[in-house]
Amino acid sequence: MGRTLLLVDDEENILRSLARLFRRDGYTILSATSGDEGLKLLAENDVGVIVSDQRMPQMTGVEFLRRVKEHHPNTVRIVLSGYTELESVTTAINEGAIYKFLTKPWDDELLRKNIREAFEHFELEDENRRLTGELQRANDELSMLNQNLEKRVQEKTREVMINLQALKIAQEVFEHLPVGVIGVDSDGMIVVANQKAKALAAGSSLVGMTVEHAAPREVFEALSAFPGDVDPWYCGRVDCHGEECDMTISQLDQESRGRGLVVVMVPIQEE
C-alpha cells in the first residue's frame, strides 16, 4: 500500500518546498491551501499523514485537524508552524487531535525523519486494527460454533434421555408381558428372560444359564429340533412345569446384528 501525505498551508511557496522535500521519499503528495480544501481531498483519498500549518485564514490548523479527527480518526495529524501558540496546540495534543507539533523553519532531515516515523505509526496502528478485526471475527465465529455445539449437545442429550425413557418403558412392558419370552444366543445360553418366562421355568433365574439346564425339558427339545428354514416356527404345545403353553421360535432379525433365537411361550387359558 502506498503512502499518501497531505500538506495544508496557505502559502503556496511553502507547499512547493515541502512537496519537493518529501517527493524523494516516494510519497504520494496532496496539497491544499486551506482547511476546507484539505477536507475535500480527504474525502476523496486515503491519507495516512497530514502536515498542516497553524496560522491560516478562516480555519486554523488546530481547528482543521480537530475536524479531521472527527471524520478521519485514523490519520496521523501534525502541525508545522512558525508560531508556537502553545496553549491552543497543547490543548489539541491533549485531546488527541494532534500527533506532533513541529516548528518552522525546519531541518530537512529531521522533518523527513518525523514524517517517516509518522507513517510507521500509522501503518502499525492500521495493522493492529486489521489484526483486531480478524481476531474479533475469529472470536465471533468461535462463539457461533460454541453456540451451535451447545445446541447440538442439548438436542443430543434430550434425544438420549427420550431414548432412555423409551427403553425403560420397553423394559417394563417386556417384564410384565403375560407371555414368557426367552432370548437364546448362538451358544445356547439364555441372555434375556422376562418374569413370565422365569415363572414358567419354576422360578429359575434363567439368564446366564444354558437352555439345556434351565429351560423346561420340552422347551429344550423344541429348540433342538428348530429347523431354521421356517421362521417363525410354531412348535405346538409344550409342558412348562405343569402349565401348557403354545410355543413359537423365531430367529433374531439380521438388522439387530445379533445371532440367536427368541422363544415365546403363551400360556393356554382354560375355557
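For clarity, every value in this text was computed on a predicted model and none was experimentally measured.

Reading the values: rules and limits
- Residues numbered from 1 in each chain as written.
- Predicted model: local features only at pLDDT ≥ 70, side-chain atom pairs only at ≥ 80, totals over all residues.
- Heavy atoms only, no water.
- Helix = DSSP H or I, 4+ residues; strand = E, 2+ residues; numbered from the N terminus.
- Buried < 20%, exposed > 50% of the residue type's maximum accessible area, 1.4 Å probe, protein only.
- Axes fitted to C-alpha atoms, helices over the stretch in contact; angles between N-to-C directions.
- Parallel < 35°, antiparallel > 145°, perpendicular 65-115°, else oblique.
- Contact = heavy atoms within 4.5 Å.
- Nonpolar A, V, L, I, M, F, W, Y, C, P; charged D, E, K, R; others polar.
- Pairing = 2+ DSSP bridges.
- Disulfide = S-S within 2.5 Å.
- Polar contact = N/O pair within 3.5 Å; in protein donor to acceptor, adjacent residues only side chain to side chain.
- Expected span 1.5 Å × (residues − 1).
- Arc of directions from axis to C-beta.

(A) Inspection of unusual backbone geometry at higher detail. In the segment running from lysine 104 into proline 105, the intervening peptide bond is cis, with an omega of -10°. One non-glycine residue, histidine 241, adopts positive backbone phi at about 50°. One can find histidine 241 in the loop between strand 8 (233-240) and strand 9 (243-251). What makes histidine 241 exposed here is its relative accessible area of 52%.

(B) How the structure looks around the packing of helix 1 (residues 12-23) against helix 5 (residues 108-175). Where helix 1 meets helix 5, the axes come as close as 10 Å, and the angle between the chain directions of the two elements is 70°. By the criterion of interaxial angle, the relationship of helix 1 to helix 5 is roughly perpendicular. Contact residues: Leu18, Leu21 and Phe22 in helix 1; Asp108, Leu111, Arg112 and Ile115 in helix 5. A per-class count over the contact of helix 1 with helix 5 returns five nonpolar, no polar and two charged.

(C) Quick peek at the sheet that holds strand 7 (residues 190-193). Strand order in this open sheet of five strands is 7-6-10-9-8, and the pairing throughout is antiparallel. Unpaired on one side and paired on the other, strand 7 and strand 8 mark the two borders of the sheet. Strand after strand, the sheet turns through a mean of 25° between neighbouring axes, direction not considered. Examined bridge by bridge, strand 9 and strand 10 (residues 260-267) share seven bridges and lie antiparallel to one another. The partner of cysteine 245 across the bridge, within strand 10, is proline 267.

(D) Quick look at the state of the cysteines. One pass over the full model with this rule turns up zero disulfides. Cysteine cysteine 235 shares no disulfide, and the gap to the nearest cysteine sulfur, in cysteine 240, comes to 11 Å. You can call cysteine 235 partly exposed: its relative accessible area is 22%. Judged by relative accessible area, which is 2%, cysteine 240 ranks as buried.

(E) Quick peek at the side chain of asparagine 194. Mapping asparagine 194 onto the fold places it in the loop between strand 7 and helix 6 (195-200). Reaching out from asparagine 194, the side chain makes a polar contact with the backbone nitrogen of valine 181 at a distance of 3.0 Å. If near-sequence neighbours (up to four positions away) are discounted, asparagine 194 is found in contact with Phe174, Glu175, Leu177, Val179, Gly180 and Val181.

(F) Local environment of the pairing of strand 6 (residues 180-185). Burial analysis of strand 6 places five of its six residues in the buried class, the great majority of the element. Judged from the three bridges that link them, strand 6 and strand 7 form a sheet pairing that is antiparallel. Among the inter-strand pairings, valine 184 is bridged to a residue of strand 7, identified as isoleucine 190. Where strand 6 hands over to strand 7, the hairpin turn is made up of four residues, of which glycine 188 adopts a positive phi near 85°.

(G) Structural detail: helix 1. Helix length check: helix 1 (12 residues) gives 16 Å between terminal C-alpha atoms against 16 Å at 1.5 Å per residue, within 8%. Every buried residue belonging to helix 1 is among Ile14, Leu15, Leu18, Ala19, Leu21 and Phe22, and all of these are buried. The buried side chains of helix 1 occupy one side of the element, clustering within an arc of 165° when seen end-on. Summarising the contacts, the buried residues of helix 1 are in contact with strand 1 (4-8), strand 2 (28-32), strand 4 (76-81) and helix 5.

(H) Molecular detail of the sheet that holds strand 4. Judged by pairing direction, the sheet is parallel, and its five strands sit side by side in the order 2-1-3-4-5 without closing on themselves. The sheet terminates laterally at strand 2 and strand 5 (100-103), the two strands that pair on one side only. Across the sheet, the mean angle from the axis of one strand to that of its neighbour is 20°, orientation sign disregarded. The strands touched by helix 1 are strand 1, strand 2 and strand 4; relative to strand 1, the strand with the most contacts, the crossing angle is about 160°. Along the sheet, helix 3 (residues 61-71) makes contact with strand 1, strand 3 (49-52) and strand 4, crossing strand 3 at roughly 160°.

(I) Quick peek at helix 8 (residues 217-225). Taken as a whole, helix 8 has its buried residues at Val219, Ala222 and Leu223. Across the axial projection of helix 8, the buried residues extend over an arc of 100°, all falling on one side. Seen from the buried face of helix 8, the exposed residues on the opposite side, beyond 90 degrees, are Arg217 and Ser224. Against strand 6, helix 7 (211-214), strand 8, strand 9 and strand 10 lie the buried residues of helix 8.

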